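Notes for the structure review
Below are the chains, spelled out letter by letter.
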Amino acid sequence: MSDPAGTRTTTPGWYLRRLRAMSPGEVAHRGADAARRRAWARLQIRPGETGALPALPSLLLPGGSSARPAFTAPLPPGTRDRVPPAAATALVAAADRVLSGTWTTLGVVRADSADPDWFADPVTGRRAPDTELAFRINHRDETVTGNVKQVWELSRHHHLTVLAAAAWITGDDRYALAVDRQLRSWWRANPFLTGVHWTSGIEAGVRLLAWVWIRRLLDGWSGAAGLFENCDDAVRQIAWHQRFLEAFPSRGSSANNHVIAEAAGRLAAACAFDWYPESARWRDAATGLFERELAANTFPSGVNRELATDYHRFVLDLALLAACEAETAGLALSDGTWHRITRMLDAGVALLDAAGSPPRQGDGDEGRALVVDDPGHDPWTVALASGAIVGGPAPWWPTTDSGAGGSADGGVQATVLGALAGALPAARRAHLAHQDRPATRPARFADAGVVLLRSRPGDGEEIWCRCDGGPHGFGALTAHAHADALSIEVRHGGVPLLVDPGTYCYHGEPEWRRFFRSTLAHNTVEVGGRDQAESGGPFLWTTKPSTVTLRCDLDGPVRVWSARHDGYRRMDPPVLHRRAVTLDSPGRLLTVEDTLFSVVASTGTPSGAGTAPVLRLAWHLGPDLTVDLVTGPGGGPGPGGGPGGGRALLTWEADGVVRHGVLTLPGGLTWTAHRGETSPVLGWYSPGFGRRVPSTSLIGTGICTAAGTGTGPGLRLVTTLFLPRAGTP
């Protein structure tokens, strides 16, 4: 099955590689799932049909009449007063963008946001299936669904939670009526098991969270009960989502952030919409699943095991919301779960740079668990603000200027979500406040292999350097990992200098997907034109490098980290890569020393008989930097460079001041600069999912004459980055 357009990811070869990544137990479970899907096909409700109404207990009213159960989890009185005015103003402006058709999803303006076509993809112009049985739709094939991320995103109903929050804040019925129209439209267009929106459990889980909060935020509106508990379509859809997620959970090699979202949605809906005979069973099952999978997905240090920073924040969002919902319903989660949430929260804060920006490790698709703030508001600020209000900051959390909107605890800017979370029952605050918190700001997360070299506060603007020496992602697929072992990110006062390029896309553009997760796209060494790990598909790695930390000294004015990976051991001859990074804080100098060794057999000679491969050392610069490359042994300018190394003068502006840095490049390599190239792809940066902009990449090319023994000299390449204080020539 060829795919000239490159839009399909599920070829026979992919299925075989995917099967090899599964354990025997997972294979058995997937076989049972396939049989269940065949049996459930008869349960499909087609457009125009309604399906049976779930049995609901009736409440006996005075006079002998009856009514359906009411919504019993509203916000406490006075909650609206907690919302900072600036956050409220920004939220209402975002709601107006929904109504005016200028709402943006994943970098694309949705002109239909006021009256959506729930199956339209504005990127490709295609329309995803809306009448087929969901189990027969290949959502990984762009020729079938279009860009499925775009199709799915609007059906997470984040724009509707924004409208509901605007209705709650302003009392303006326009926003509530728009929610009413769109929810009824979605419910009618997406009957049980029909269409693309029933192909993914994570989408169903996030949707349930949205519905819980829409109902809560609309509680003071006269039409709220008629839209939910007294609406047959709503009652059916909530039950259908619960039954779908109960029957088809993500499991095995797919049990990453997806299963957390599924469990969080199930738990929240079972607590808030406890109207069904199965509600108690759904709640208990979801609670057990949520607590087990949160533990499985989190290192003891609190870092998410997928080692994709954006997913750390997404899972933290989900965990906080699920825990708040459980507490609101009087459901006690385990102390271990609360401890895990606080560790995740503290790890997230510890990793931020001076500007409050997180690392950019691994995949990121800007996933949100709940949107009740202006979506343009930094999602990390929103997550940490709610966490700070729920549990309080650790003593070492950085303080920041709170601005016009006020400040949450710990200096994190206050948000609508923080106000909502803080208004719910306060019992969990005691859980969080009494957890064992780090006494000082962590700079090393040994189990995750994440190390921060951070300059001392008295030595000028912060130099922030993230070093990657951890496992290659999580689970058998390591789906959201990049081939980035030993890569670094460097920032100066929060300005990105040496950057991780980001993610850009998942489906539909395979060449771009391959580039953004490749070794060459990261600040590390590529050998033999190959990635450190072998890709088996856009979310599958078939080999994985092992990384060992050799030294980590984070005390004193000079901080040092070194590690080694074996991703090129599979080459002929096998090669090991060792990197040492040194930050001289008072000297404002970062030094990166790369050494490559041939693996030596017991005879004392290099194993393998292959020729020396080509190596490429990559340094990717931030998109806002001006880069002047001077190469050659004499230091003179030249477009192609030469083997004598060179220097790159970096220039940028921060707070109205022009700043400079000098990147000194190792000799023995031919250095070239690349920006915005497409054949092949090189010199790009993705500021967010679905967006890419040109940036400068410096590539040093040479021969990997790694004649060392693993303990001897090997091939040594030294790069330095000098970042003088402001005003220094």
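Described in the following lines is the structure provided in the data block.

What counts as what
- Residues numbered from 1 in each chain as written.
- Predicted model: local features only at pLDDT ≥ 70, side-chain atom pairs only at ≥ 80, totals over all residues.
- Heavy atoms only, no water.
- Pairing = 2+ DSSP bridges.
- Helix = DSSP H or I, 4+ residues; strand = E, 2+ residues; numbered from the N terminus.
- Axes fitted to C-alpha atoms, helices over the stretch in contact; angles between N-to-C directions.
- Parallel < 35°, antiparallel > 145°, perpendicular 65-115°, else oblique.
- Contact = heavy atoms within 4.5 Å.
- Nonpolar A, V, L, I, M, F, W, Y, C, P; charged D, E, K, R; others polar.
- Salt bridge = Lys/Arg side-chain N within 4 Å of Asp/Glu carboxyl O.
- Buried < 20%, exposed > 50% of the residue type's maximum accessible area, 1.4 Å probe, protein only.

What to know about the sheet that holds strand β21 (residues 670-675)
Pairing is antiparallel in the open sheet, where four strands are placed in the order β10-β17-β26-β21. Strand pairing shows two members of the sheet lacking a second neighbour, β10 (525-527) and β21, which therefore form its edges. On average, each strand axis in the sheet is tilted by 25 degrees relative to the strand beside it, whichever way the strands run.

Thoughts on the packing of helix α2 (residues 24-40) against helix α10 (residues 232-247)
Contact pair α2 / α10: the axes reach a minimum separation of 11 Å and the direction vectors enclose 150 degrees. Comparing the axis directions of α2 and α10 gives the class roughly antiparallel. Here D33, R36 and W40 of α2 come into contact with α10, specifically with R243, F244 and A247. Looking at the contact of α2 with α10 residue by residue, the class counts come to three nonpolar, no polar and three charged.

Brief notes about the pattern of salt bridges
Summed over all chains, the structure comprises 40 salt bridges. Residue R174 pairs with D96 through a salt bridge whose shortest N-O separation is 4.0 Å. Taken together, the positions of R174 in helix α7 (residues 173-189) and D96 in helix α3 (residues 85-100) put the pair 78 residues apart, joining distant regions of the chain. D96 sits in the partly exposed class, given a relative accessible area of 33%. Here E593 makes a salt bridge to R716, at a shortest N to O gap of 2.9 Å. A residue pair is termed long-range when its members are at least 10 positions apart, and E593 in strand β16 (residues 589-598) and R716 in strand β27 (residues 715-722) qualify at 123 residues. Since its relative accessible area comes to 25%, E593 is described here as partly exposed. Given a relative accessible area of 53%, R716 falls into the exposed group.

Overview of the pairing of strand β14 (residues 558-565)
Burial within β14 is extensive, with six of its eight residues counted as buried. Counting the residues between successive antiparallel strands, the hairpin from strand β13 (residues 547-553) to β14 contains four residues, one of them, G556, with a positive phi of roughly 85 degrees.

Quick look at unusual backbone geometry
The phi torsion of most residues other than glycine is negative, and most of the peptide bonds are trans. For the peptide bond that leads from D572 to P573, omega is 0 degrees, which places it in the cis range. One can find P573 in the loop between β14 and β15 (575-584). The amide bond that connects S679 to the next residue, P680, takes the cis arrangement and shows omega of 0 degrees. Inspection of the secondary structure assignment puts P680 in the loop between β22 (677-678) and β23 (681-682). Positive phi outside glycine occurs at H157, with the angle close to 65 degrees. Residue position: H157 is located in the loop between α5 (148-154) and α6 (158-170). If you check the backbone angles, R588 has positive phi at about 55 degrees while not being a glycine. Of note, R588 is situated in the loop between β15 and β16. Note on R588: relative accessible area 3%, which makes it buried.

Observations regarding the environment of T131
With respect to the helices and strands, the residue T131 is situated in the loop between β4 (108-110) and α4 (142-145). In this structure T131 comes out as partly exposed when scored by relative accessible area, which is 48%. The spatial distance from the C-alpha of T131 to the C-alpha of N190 is 8.6 Å, given a sequence separation of 59 residues. When neighbours within four sequence positions are excluded, T131 is seen to be in contact with Q44, P47 and T194.

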